[in-house]
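Chains, contacts and geometry: an overview
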Amino acid sequence: MGKESVLSENIKLLLALIVLQLCFSGFHIVSRVALNIGVSKVVYPVYRNIIALLLLGPSAYFLEKNERPPLTIPLLVQFFLLALIGITANQGFYLLGLYYASPTFASAMQNSVPAITFVMASALRLEKVNITRRDGLAKILGTIASIGGATVITLYKGPPLLQQREDIQGNTLAEEMPRNTQNWTWGCIYLLGHCLSWAGWMVFQAPVLKKYPAKLSLTSFTCFFGLIQFMVIAAFVETDFEHWKIQSGEEVFTILYAGIVSSAVVIALQTWCIQKGGPVFVAVFQPLQTLLVAIMATLILSDQLYSGGIIGAILIMLGLYSVLWGKNREKRLENQSEALTEPLIDPENIEKDEGNISDIP
């Protein structure tokens, strides 16, 4: 019975991780559909964050009512900066990159986030690196491979791997797309900015969580300030009221998916997966998202695959696994050293045992 329960838990975790990557993959496709049908790149995140805040806010209020530390002005300033990096810059660069590139390469570039996070954490001395050990070398080589893969995607597009589909009139589908969406280099640069923002948000979030450990409340405050920042930007960029109107069922679906699935459901599911399997195990499944997005983008959006993107994606994935392997090995070595330094006999227990022995008649 014990083995069956463990097996069922592992199957649940595996299914949850696959569903999580499907949700992430769907967001890449849905966001590209939203941009293709003309949804504003500023209005879209505004509506998304409104929906996310409406879902996360009440949950944080009731579930963490007794866990929230008192708010202070320094904390609010840090929440604002977290929102600027993790919401405004992160989502803004992502949408710009997705508009100019493709969902497949957006997902591929995101695989470099763990390596970029490692570089930032090491520069701020939040992450230890020992180049004399295999785990330290693995993290360094993995970081170089990931950054090299992102560079390949940005600078080298390469020949197409699949023939472009043609419509009834014989025109290629790529020719029907606006010319500015073919500006591949700028798209990859924006996506690199997205990855830098995402990594910076995770590094900056770690010390804030120590001061304010209520995770849902922190996410809600970050989402709130991000919404305010996007609304300020929209007040200058989107002055035409027509751009704020939702005019089709497709627009409703894309906005609801972004707000409900990509924010609320993903946060809850990812938290559960990390609790059950740990962050390293969850991160290992990240490249699955790239494969799913490539399949969806080819079937649904008729996106073209290029050799440069495939080479870069392979380098990023190898780098990701190298960094994760090094991090996992480093934790195991630390746990072993802590176990060796712990005293075999607790002095307090000795005193208790001596007291018990003296009480025996």
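Thresholds, definitions, all that
Residues numbered from 1 in each chain as written. Predicted model: local features only at pLDDT ≥ 70, side-chain atom pairs only at ≥ 80, totals over all residues. Heavy atoms only, no water. Helix = DSSP H or I, 4+ residues; strand = E, 2+ residues; numbered from the N terminus. Contact = heavy atoms within 4.5 Å. Areas by Shrake-Rupley, 256 points an atom, 1.4 Å probe, with all protein chains shown as cover. Buried < 20%, exposed > 50% of the residue type's maximum accessible area, 1.4 Å probe, protein only. Axes fitted to C-alpha atoms, helices over the stretch in contact; angles between N-to-C directions. Parallel < 35°, antiparallel > 145°, perpendicular 65-115°, else oblique. Left-handed = near helix turned anticlockwise from the far one by under 90°. UniProt positions renumbered as here; feature names shortened; annotations may be inferred. Phe/Tyr/Trp six-rings, centres within 6.5 Å; stacked < 30°, edge-to-face > 60°.

Comments concerning the overall build of the protein chain
- Helix and strand counts for the protein chain stand at 14 helices and zero strands.
- Contacts in the protein chain between residues far apart in sequence, at least 24 positions, make up 89% of those at least 6 positions apart.
- Here the protein chain displays about 19800 Å² of accessible surface, and carbon together with sulfur accounts for 67% of that area.

Concerning helix α4 (residues 103-110)
- Within α4, eight of the eight residues are buried, which leaves the element mostly enclosed by the surrounding structure.
- Residues of α4 that are buried: P103, T104, F105, A106, S107, A108, M109 and Q110.

Re the packing of helix α8 (residues 184-211) against helix α9 (residues 215-237)
- Two elements in contact, α8 and α9, have axes separated by 12 Å at closest approach and are oriented at 130°. The angle between the axes of α8 and α9 places the two elements in the oblique class. Pair α8 / α9 crosses with right-handed handedness. Of the residues in α9, those in contact with W201, Q205, V208 and L209 of α8 are K215, L218 and T222.

Some details on the UniProt feature "transmembrane region" (unreviewed entry) in the protein chain
- Under the feature "transmembrane region" (unreviewed entry), the UniProt entry names residues 46-63, 75-99, 136-156, 184-204, 216-237, 252-273, 280-300 and 306-326.
- Taken end to end, residues 46-63 is 100% helix and 0% strand, and its two terminal C-alpha atoms sit 25 Å from one another.
- Annotated as residues 252-273, this span is 100% helix and 0% strand, and its ends, taken at the C-alpha atoms, are 29 Å apart.

Side note on the packing of aromatic side chains
- One pass over the structure, following the stated rule, counts 13 aromatic pairs.
- On the numbers, 5.2 Å between centres and 75° between planes, the contact of F79 with Y212 is edge-to-face. You can see F79 sitting in helix α3 (residues 73-100) and its partner Y212 sitting in the loop between α8 and α9, a full 133 residues away along the chain.
- Its relative accessible area of 1% is what places Y212 among the buried residues.

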